[in-house]
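# Examination of the molecular architecture
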Amino acid sequence: MKKVLVVDYGSQYTQLIARRLRELNIYSEVTPWDEISNDDEVAGFILSGGPETSNIKGNPTINQLIFDSKKPILGICYGMQVLAHQEGGKIINDGKKEFGNAKLIIKDWSSLFNNLPNQIDVWMSHGDKVVALPEGYEVIASSDNSPIAAYQNLEKNYFGLQFHPEVTHTNHGLAMIENFIQVCEIQKNWSSEDILEQIEQRVTGDVQEGKVLLALSGGVDSTVLASVLHKQLGKRLVCVMVDHGLLRKDEAQNVTSSLKEKINLDINLVHASDIFLRKLKGVTDPETKRKIIGNTFIEVFEEEAKKFEDIKWLAQGTIYPDVIESAGNSKTKAKVIKSHHNVGGLPERMQLKLLEPFRMLFKDEVRRIGRTINLSEEIIGRHPFPGPGLGIRVIGEVTSDRLHKLREADHIFLTELKSSGFYNKASQAYAFYLPIKSVGVVGDNRIYADVIGLRSVDTSDFMTAKVTNLPNDFVQHVSTRIVNEVQGVSRVVYDITSKPPATIEWE
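Position numbers for residues start from 1 in each chain and track the written sequence from start to end. Selection of residues for local features in this predicted model requires a pLDDT of at least 70, selection of side-chain atom pairs for listing and counting requires 80 or more, and totals for whole chains, interfaces and linings are taken over all residues. Processing note: side-chain calculations cover all non-hydrogen atoms of the structure and skip hydrogens and water entirely.

### Focus: the overall build of the protein
- Secondary structure elements follow DSSP: runs of H or I of four or more residues count as helices, runs of E of two or more count as strands, with numbering from the N terminus. Of regular secondary structure, the protein possesses 14 helices and 20 strands.
- Radius of gyration here uses only the C-alpha atoms, and the compact-globule reference equals 2.2 Å multiplied by the residue count raised to the power 0.38. A globule of 507 residues ought to have a C-alpha radius of gyration of about 23 Å, and the protein, at 24 Å, matches this closely.
- Taking the principal axes of the C-alpha coordinates as reference, the protein spans close to 70 × 65 × 40 Å.
- For each residue, the accessible area found with a 1.4 Å probe, counting protein chains only, is set against the maximum for its type, and the residue is called buried under 20%, exposed over 50%, and partly exposed in between. The buried share among the 507 residues of the protein stands at 58%.

The following block contains the structure:
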């Protein structure tokens, strides 16, 4: 199958490039910069951004096989810089960094900017920049801080963009990528049906006649995966849900009964809250909490697997944003943002093999698969819930008292969002507990009590996000309910920070 190969230089946005290609129904794969091989099916290359400086010896380079292929190349950020450097241009770091929105001024015609306006708002994120082009190259766009914000070599079909067309902050970014596809002369060849077919082939080849234990959280990813595997494996799929004491209010019961009713899934519910809370006692560091939760999660599944005969595989609904933020591709020098409980491999002692069919997919792709197999919108549209659960929404030490307050506050927030019609308009919303005290007045009494935060974001890809513009009177109403109904809470705050610079979760 013809494809566009995305070469990974360690950017947090690398897989987002592949996602944009898939949106355009183009098959794409991601490969580390140092694992390039001859592949006649590649119609073009996109070089990702990255955290390094391109003109320092020992940093990632462009494999000679890419140049030898004579296929079109699009370099983005670091990819643009390293392409210019290896072709004979000059890269500098003058201390003038450019982060955030910038105005791109198109200087000359280019197939990349075909049918686009002369001025475009784009998203920059760089410290280095190209100051001199190689022979045969020309400037096609600039910004205030980057006189060479885009270039091209028409004879070779090489292009470079200093900004990130793959993020939603760049206007017309998808159109630029589609224009590059036209240069590559590749036809549309990718859909949800194609993804399902690949998953089914992979599962059949890997699992064969074995049994699979599925770690079911009740979220979109694990639920869609459960339905896909259930159709393929039938009774050879064993679904297990761990109530680790870090779930939302009534979550375990609601999930097990709902999935039994809607997709006829029998779920084995394991009550393990005492184990998790005991291991989390006194722990405040978020990375340590995630690792404790992840390791304990695996331990519980190991024990549960022993209750069933011939279990060979552990299935997880891991998706690629988890992998990116955990720097799951170690060879690219990607910077770790946070560890995810379901990323990074299994303990050596574990006897189960890992099955992660969604590992290279984004949330919206998983949802499209759910619609393709006719799951209900109630399941598909459910907001994401992190694997570590409320363990990372209680900031600081996790205790039973803090979990209780957070559950009640979160339940109020989500209930009000749903009743007001805002839930389906937001991408992810939740309450979180802050380990601080605040002065308040209840009746005639002064109290010194806890603080609850609220967060709601809008995003299409969960790599970038903006705060949901909830009406002020709605937020005030939710705040009033929480303070009045949750004993021991004196104040409610609303987080308005975008991603980046913040992440969607607080920990």
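Additional details are given in the paragraphs that follow.
### Section: the sheet that holds strand β4 (residues 73-76)
- On the basis of which strands lie adjacent, the open sheet formed by 9 strands has the order β2-β1-β3-β4-β11-β10-β9-β6-β7 and mixed pairing. Both edges of this open sheet fall to β2 (28-32) and β7 (119-126), since each of them pairs with a single strand only. Taking each pair of neighbouring strands and ignoring which way they run, the sheet shows an average axis angle of 25°.
- Contacts are assigned to residue pairs with any non-hydrogen atoms lying within 4.5 Å of each other. Helix axes use the C-alpha atoms of the stretch in contact, all axes being lines fitted to C-alpha atoms, and the angles between their N-to-C directions lie in the range 0 to 180 degrees. Sheet contacts for helix α3 (residues 78-86): β3 (42-47), β4, β7, β10 (150-153) and β11 (158-161); angle to β4, the most-contacted strand, approximately 120°.
- Packed onto the sheet, helix α4 (residues 173-184) meets β3, β4, β7 and β11 and runs at close to 145° relative to β3. Any two strands with at least two DSSP-identified bridges between them are counted as paired.

### Describing the state of the cysteines
- A pair of sulfur atoms, both from cysteines and within 2.5 Å, is called a disulfide here. Tallying each qualifying case throughout the model produces 0 disulfides.
- There is no disulfide at cysteine 77, and the cysteine sulfur nearest it, in cysteine 184, is 20 Å away.
- Of the residues examined, cysteine 77 reaches a relative accessible area of 5% and is grouped as buried.

### Observations concerning helix α7 (residues 251-263)
- The end-to-end C-alpha distance of α7 is 17 Å, a good match for the 18 Å that 13 residues give at a rise of 1.5 Å each.
- Where α7 is buried, its residues meet α6 (220-233), β13 (237-243), β14 (267-271) and α12 (377-380).
- One or two steps after α7, the chain reaches asparagine 264, where phi turns positive at roughly 60°. Expected span, for any helix, means 1.5 Å times one less than how many residues it has.

### Observations concerning the layout of surface pockets
- Using a 1 Å grid laid over the protein atoms alone, points where a 1.4 Å probe fits but cannot get out form a cavity; open sets with protein on both sides within 12 Å along at least 5 of 7 lines form a pocket; any residue with an atom within 4 Å of a point counts as lining. Grid points are joined across faces, edges and corners, and a volume is the space filled by probe spheres set on the points. Here the largest pocket is characterised by a volume of approximately 730 Å³.
- Breaking the lining of the largest pocket down by element, the ones donating at least two residues are β6 (98-106) and β7.
- A total of 4 residues in the lining of the largest pocket trace back to one element, the largest contributor, which is β7.
- Of the residues belonging to the lining of the largest pocket, the class tally is 11 nonpolar, 14 polar and 6 charged. Any residue outside Ala, Val, Leu, Ile, Met, Phe, Trp, Tyr, Cys, Pro, Asp, Glu, Lys and Arg is labelled polar, Gly included; the first ten of those are nonpolar and the last four are charged.

### Some points on the environment of lysine 289
- Tracing the chain through its elements places lysine 289 in helix α9 (residues 286-305).
- Remark: the alpha-carbon pair of lysine 289 and asparagine 145, spanning 144 residues in sequence, is separated by 41 Å.

### Focus: the packing of helix α8 (residues 273-280) against α9
- Close contact between α8 and α9 brings their axes to 10 Å; oriented N to C, the two are set at 150°. When the axes of α8 and α9 are compared, the pair comes out roughly antiparallel. Considering how the two elements wind past one another, α8 and α9 form a crossing that is right-handed. Contacts between α8 and α9 pair Ile275, Phe276, Lys279 and Leu280 from the former with Lys289, Ile292, Ile293, Thr296, Phe297, Glu299 and Val300 from the latter. Throughout, the term roughly parallel applies to angles under 35 degrees, roughly antiparallel to angles over 145, roughly perpendicular to angles from 65 to 115, and oblique to all others. Each helix crossing is assigned a hand: it is left-handed if the near helix lies turned anticlockwise from the far helix by less than a right angle, otherwise right-handed if that turn is clockwise.

### Considerations on the sheet that holds strand β15 (residues 311-315)
- The 5 strands lie next to each other as β14-β13-β12-β15-β16, forming an open sheet whose pairing is parallel. Only two strands of the sheet have a single partner each, and these edge strands are β14 and β16 (353-355). Adjacent strand axes in the sheet meet at a mean angle of 30° when their direction is disregarded.

### So, unusual backbone geometry
- Geometrically, the link from lysine 499 to proline 500 is a cis peptide bond, its omega value of -15° lying close to zero.
- Topologically, proline 500 is positioned in the segment after β20 (489-494).
- Residues proline 500 and proline 501 are joined by a peptide bond in cis, for which omega reads 15°.
- You can see proline 501 is positioned in the segment after β20.
- Notably, aspartate 250 is not glycine yet its phi reads approximately 60°, a positive angle.

### Regarding the pattern of salt bridges
- Within this document, salt bridges are pairs made up of a side-chain nitrogen of Lys or Arg and a carboxyl oxygen of Asp or Glu, the two lying within 4 Å of each other. Summed over all chains, the structure comprises 27 salt bridges.
- Put simply, glutamate 29 and lysine 3 hold a salt bridge, and the shortest N to O gap is 3.1 Å. Pair noted here: glutamate 29 is in strand β2 and lysine 3 is in strand β1 (residues 3-8), with a separation of 26 residues, a long-range link.
- On the basis of relative accessible area, glutamate 29 is assigned to the partly exposed category, the value being 28%.
- The shortest N-O distance in the salt bridge between lysine 405 and aspartate 401 comes to 3.1 Å. Highlighted residues: lysine 405 and aspartate 401, both in helix α13 (residues 400-420), separated by 4 residues, approximately one helical turn.
- Note on lysine 405: relative accessible area 9%, which makes it buried.
- Overlapping salt bridges bring together Arg19, Arg20, Glu23, Asp364 and Arg368 as one network.

### Looking at the packing of aromatic side chains
- In this analysis, rings of Phe, Tyr and Trp, with Trp reduced to its six-membered ring, are considered paired at centre separations within 6.5 Å, and the interplanar angle assigns stacked below 30 degrees, edge-to-face beyond 60, and tilted for intermediate values. All told, the structure shown has 8 aromatic pairs when counted by the stated rule.
- Judged by centre distance (6.3 Å) and plane angle (85°), the ring pair of phenylalanine 159 and phenylalanine 180 falls under edge-to-face. In this pair, phenylalanine 159 is assigned in strand β11 and phenylalanine 180 in helix α4, connecting sequence segments 21 residues apart.
- Ring centres 6.0 Å apart and planes at 55° place the aromatic pair tyrosine 430 and phenylalanine 432 in the tilted group. Side by side, tyrosine 430 and phenylalanine 432 carry an identical accessibility label, which is buried.
- Ring-over charges, as used throughout, are those where CZ of Arg or NZ of Lys falls within 6 Å of the ring centre and within 35 degrees of the ring normal. Arginine 393 extends its terminal NZ or CZ atom over the ring of tyrosine 430, reaching a point 4.0 Å from the ring centre.

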